[in-house]
Amino acid sequence: MKATAELQVIPLGVGVSVRAEVTRIVGILKEFDFILETHAAGTNIEGDLADIFDAVKRIHTDLHASGTARLISYLKLETRTDKVPTLAGKRLES
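Rules and cut-offs
- Throughout, a residue's number is its position along its own chain's written sequence, starting from 1.
- With the structure being a predicted model, the display of local features is reserved for residues of pLDDT at least 70 and the display and counting of side-chain atom pairs for 80 or more, all residues being used for whole-chain, interface and lining totals.
- Calculated side-chain values reflect all of the structure's heavy atoms, with hydrogen atoms and water omitted.
- With a 1 Å grid spanning the protein atoms alone, the term cavity applies to any set of points in which a 1.4 Å probe fits but cannot get out, the term pocket to an open set with protein on both sides within 12 Å along at least five of seven lines, and the term lining residue to any residue with an atom within 4 Å of a point.
- Grid points are joined across faces, edges and corners, and a volume is the space filled by probe spheres set on the points.
- Working definition: helices are DSSP H or I runs of at least four residues, strands are E runs of at least two. Numbering for both runs from the N terminus.
- The nonpolar class holds Ala, Val, Leu, Ile, Met, Phe, Trp, Tyr, Cys and Pro. Asp, Glu, Lys and Arg form the charged class, and all remaining residues, Gly among them, are polar.
- Helix span, expected: 1.5 Å multiplied by one less than the number of residues in the helix.
- Each residue is assigned to one of three classes by its accessible area relative to the maximum for its type, calculated with a 1.4 Å probe on protein chains only: buried under 20%, partly exposed between the two thresholds, exposed over 50%.
- This arc corresponds to the set of directions leading from the helix axis out to the C-beta atoms.
- Residues are treated as being in contact if the distance between any of their heavy atoms lies within 4.5 Å.
- Criterion used throughout: strands pair if DSSP finds at least two bridges between them.
- Each axis is a line fitted through C-alpha atoms, and for a helix only the stretch in contact is used; angles between axes span 0 to 180 degrees, taken between their N-to-C directions.
- Buried residues of nine kinds, namely Ala, Val, Leu, Ile, Met, Phe, Trp, Tyr and Cys, make up a nonpolar core once their side-chain atoms join them within 4.5 Å.
- The rule for a salt bridge is simple: a side-chain nitrogen of Lys or Arg has to be within 4 Å of a carboxyl oxygen of Asp or Glu.

Let us now look at the layout of surface pockets. For the largest pocket, the calculated volume is near 220 Å³. Lining the largest pocket we find 13 residues, and of these V9, V22, A41, G42 and T43 sit closest to its centre. Taken together, the elements giving at least two residues each to the lining of the largest pocket come down to β1 (2–12), α1 (19–30), β2 (35–39) and β3 (42–48). In terms of residues, the lining of the largest pocket owes the most to one element, α1, which gives 4 residues. Of the residues belonging to the lining of the largest pocket, the class tally is 8 nonpolar, 5 polar and no charged.

Below, the structure is given as structure tokens:
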């Protein structure tokens, strides 16, 4: 099943800068067959629903294994039965 999602992962307890952790997260997401749009507060994802869940699990597993003690993730998902959801279909044209 195809889905669109917005994922925000917040690493806690690693200091003021989380650049290294966010870079690792985006790297993990790029290993999947996703269309990605990063933005200031997270990443928009288009891909298979099961792969999105697998990616979130891998992010938590890998970052915890590399020393991040606490992660909070917010995941918004959209699935549809009437058509395939896409990120392109979400863009508002002016």
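From this point, the narrative continues.
A few words now on α1. For α1, which comprises 12 residues, the first-to-last C-alpha distance of 16 Å matches the rise-based estimate of 16 Å (1.5 Å per residue) to within 8%. Along α1, the positions that sit buried rather than exposed are E21, I25, V26, I28 and L29. Summarising the axial view, the buried residues of α1 lie within an arc of 155°, below the 170-degree limit, and thus occupy one face. Exposed side of α1, more than 90 degrees from the buried face: R19, A20, T23 and K30 are the residues found there. Taken together, the buried residues of α1 touch β1, β2, β3 and α2 (49–65).

A few words on the sheet that holds strand β4 (residues 70–78). Backbone-to-backbone hydrogen bonds join strands into a sheet, with any given pair of strands oriented parallel or antiparallel. Ordered in space as β2-β3-β1-β4, the 4 strands form an open sheet in which the pairing is antiparallel. At either end of the open sheet lies a strand with only one pairing partner, and these are β2 and β4. Adjacent strand axes in the sheet meet at a mean angle of 20°, parallel and antiparallel pairs treated alike. Those strands touched by α2 are β1, β3 and β4, and its axis lies near 170° from that of β4.

Within the largest apolar cluster, 16 residues are counted, with the highest numbers of intra-cluster contacts made by L7, L29, I45 and I59. The set of elements that each furnish at least two residues to this core consists of β1, α1 and α2. Looking at this core, the element that brings in the most residues is α2, giving 6 residues. For I59, the residues in contact, after removing those within four places along its chain, are L7, V9, I25, I28, L29 and L71.

Inspection of every chain in the model, using the stated rule, returns 5 salt bridges. Of the charged contacts, one joins R24 and D62 as a salt bridge, the two residues approaching to 2.9 Å between their closest N and O atoms. Residue R24 is located in helix α1, and its partner D62 is located in helix α2; the two are separated by 38 residues in the primary sequence. Taking relative accessible area as the criterion, R24 reaches 36% and is therefore assigned partly exposed. In this structure, E31 engages R58 in a salt bridge whose closest nitrogen and oxygen atoms are separated by 2.6 Å. Taken together, the residues E31 in the loop between α1 and β2 and R58 in helix α2 connect sequence positions 27 residues apart. Linked through salt bridges whose partners overlap, the residues forming this network are R24, E31, R58 and D62.

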